[in-house]
Amino acid sequence: MMHLERIGEFGDVRRGERGAWLFDRIVSTGSLVFRKVGGDRAGEMAAHRFLASPAVTVLEIIETLGMRTGERCRGRRIIAAQDTTEINFSGRARARRGLGPAGDGKTPGFFMHAVVAVDREDEAVVGLLDTAIWTRNAAKRATARRKCPLEEKESQRWLSATQRVAERAAGASQLIMVGDRESDIFPLFARRPASVELVVRAAQNRALADGTRLFARPAAWPVLGVREVKVGPRGAGDKGRTAKVTLRAGPIRVARPRNGADPIDPKYLDLTLVEAREEQPPPNTEAIHWRLITTLPAADLEAAEEIVQIYRLRWRIEQVFRATKNDGLALPDVQTHDAARLFKMAALAIGAAVRTIQLIDARDAGTRPASDVADLETLDAAEAIGPTLEGKPQRQKNPHPPRSLPWLSWIVARLGGWNCYYKPPGPKTMAAGWDRLMTMAAGFHIAKAVTH
């Protein structure tokens, strides 16, 4: 009998199987509405019982998904993109329990800080490496945050996530953490694991060892060259754009901040600054101006361009957040009121969003194995089902290597109704196809067991 990929054991074999079933149903239906996910009344109630169980924890779900992704990072050059998003229940706050204020300080909500692994070679999402989910304490008053140690600040999440990812993806040939301006904190650079490189967009005009300031430094450097960089889409309907940027780069020695600095951190850090500046942006478009602080060297144009291209991949974590929220699973719209259950649903949702993006990535070819998203029993069934979906014209034949991720994506797309012509299959087609594949694979293995 076919076994779905587990998201945890939760202290009981049957509970582990129920979790795997629920996760797969969220992926295949593209929904967090349990009436739809469950399929019938019995399924709906089973989903609710699973979430209500104290044995089911966010920590086990995230650790299971993160460790599995870490194994899939082995031998690869991995870009780990991290960021934070807010789940705000504005206009839907009634009867919510256990939630503190969201970013506006008033509306109930919670936060998710996630890290996804991206393969540098083909820029495809390998999987979810880590997620932290929390809500703020409404009773806690703001203090002078600059004077607090890092361990007492929310910004600790950047370093904590980096440390966990370093352990889970220890087998990667290279591990580069990428973060936006919010991750520009001195201790992240000072205390990073030795196995992790960093590329961070500068937010602060930091003091340098020679008394000058960070933002003014590139003006004294020669232009290395002009290169094109693809800018990720900003939302639904946005296809992104290509920008021409002027590149400058050089070494910097960053001074430890005067306020809130921990004496355990070094007085200076030797790093690299890469500046990418768009001189002539399109009309009504904000010009790109990235100041990237990195632990990597950038002695020439090729190295500077590589750092810019690495930072560009940060858009993959934004894509995951959109797929978790308004452009996909609509997590802010769920009717669950209790914070503990909401957090469990959030963990399931972000894992499911990553899985869907992996299937969409695969349609554009690549060489990664299908085992990145499916177990061997599912692949056995897909191998039997695949030939039945092919037609006589060459365009209706699966052109990809057997058991590669693009090969599996082609089968899923065909099962979802794609006809091999016109535009590539989208998320709804892929979700419908995954649902059919799981149903057919279960039947395939039942028939095989009976036969034997």
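Heads up: the structure comes first, above all this text.
Quantities reported herein were computed from a predicted structural model and do not represent experimental measurements.

**Some words on the sheet that holds strand 5 (residues 196-201)**
Reasoning step 1: In space, the nine strands of this open sheet follow the order 3-2-1-4-5-9-8-7-6, with mixed pairing throughout. Looking at the sheet topology across the chains shown, the edges are occupied by strand 3 (125-134) and strand 6 (225-231). Neighbour-to-neighbour, the strand axes of the sheet open up by a mean angle of 30°, direction not taken into account.
Reasoning step 2: Direction of pairing for strand 1 (residues 77-88) relative to strand 4 (residues 174-179): parallel, over a ladder of five bridges. Each bridged residue has a counterpart across the sheet, and for Ile78 the counterpart in strand 4 is Leu175.
Reasoning step 3: The strands touched by helix 7 (residues 301-312) are strand 1, strand 4, strand 5, strand 6, strand 7 (241-255), strand 8 (268-277) and strand 9 (289-294); relative to strand 6, the strand with the most contacts, the crossing angle is about 15°.
Reasoning step 4: Packing against the sheet, helix 9 (residues 339-362) makes contact with strand 2 (109-119) and strand 3, and its axis sits at approximately 165° to strand 3.

**Focus on the side chain of Asp180**
Reasoning step 1: With respect to the secondary-structure elements, Asp180 resides in the loop between strand 4 and helix 6 (186-191).
Reasoning step 2: A distance of 3.3 Å separates polar atoms of two side chains, one belonging to Asp180 and the other to Arg314.
Reasoning step 3: If we skip the residues at most four places from it in the chain, Asp180 touches Val200, Arg201, Tyr311 and Arg314.

**Notes on helix 9**
Along an α-helix, residues three or four positions apart point the same way, because every turn accommodates 3.6 residues.
Reasoning step 1: The terminal C-alpha atoms of helix 9, which comprises 24 residues, lie 35 Å apart, in line with the 34 Å expected from a rise of 1.5 Å per residue.
Reasoning step 2: Judged by how many residues are buried, helix 9 sits mostly within the fold: 22 of 24 residues are covered.
Reasoning step 3: At the N-terminal end of helix 9, a side-chain oxygen is found 3.2 Å from the backbone nitrogen of Ala340, two or three residues along, and the residue is Asp338.

**Some words on the pattern of salt bridges**
If the charged atoms of two oppositely charged side chains come close together, the side chains can form a pair.
Reasoning step 1: Scanning the model with the defined rule gives 31 salt bridges in all.
Reasoning step 2: With its nearest N and O atoms 3.3 Å apart, the salt bridge here joins Arg314 to Asp180. One end of the pair, Arg314, is in the loop between helix 7 and helix 8 (315-324); the other, Asp180, is in the loop between strand 4 and helix 6, and 134 residues separate them in sequence. Like Asp180, Arg314 is buried.
Reasoning step 3: One salt bridge connects Arg191 with Asp262, and the closest N-O pair in it is separated by 3.6 Å. With Arg191 in helix 6 and Asp262 in the loop between strand 7 and strand 8, this residue pair connects regions lying 71 residues apart in the sequence.
Reasoning step 4: Connected through shared salt-bridge partners, Arg77, Arg120, Glu123, Glu306 and Arg312 make up one network.

Reading the values: the criteria
- Residue numbers restart at each chain and count upward from 1, following the sequence in its written direction.
- For a predicted model such as this one, the threshold for reporting local features is a pLDDT of at least 70, and the threshold for listing and counting side-chain atom pairs is 80 or more; totals across whole chains, interfaces and linings nevertheless cover every residue.
- Values shown for side chains rest on all heavy atoms present in the structure; no hydrogens or waters enter the calculation.
- In this description, strands pair whenever DSSP reports at least two bridges between them.
- Helix numbering and strand numbering both begin at the N terminus, where a helix is a DSSP run of H or I of at least 4 residues and a strand a DSSP run of E of at least 2.
- With axes taken as lines fitted to C-alpha atoms, and helix axes fitted only over the stretch in contact, angles between N-to-C directions fall between 0 and 180 degrees.
- Contacts were defined at the residue level, with two residues in contact if any of their heavy atoms lie within 4.5 Å.
- Residues adjacent in sequence count toward polar contacts only when both atoms are side-chain atoms; beyond that, a polar contact is any pair of N or O atoms within 3.5 Å, and within protein one must be able to donate a hydrogen and the other to accept it.
- One less than the residue count of a helix, multiplied by 1.5 Å, gives the span that helix is expected to have.
- Only protein chains enter the accessibility calculation, which uses a 1.4 Å probe; a residue is then buried when its area is under 20% of its type maximum, exposed when over 50%, and partly exposed in between.
- Every case where a carboxyl oxygen of Asp or Glu lies within 4 Å of a side-chain nitrogen of Lys or Arg is listed as a salt bridge.

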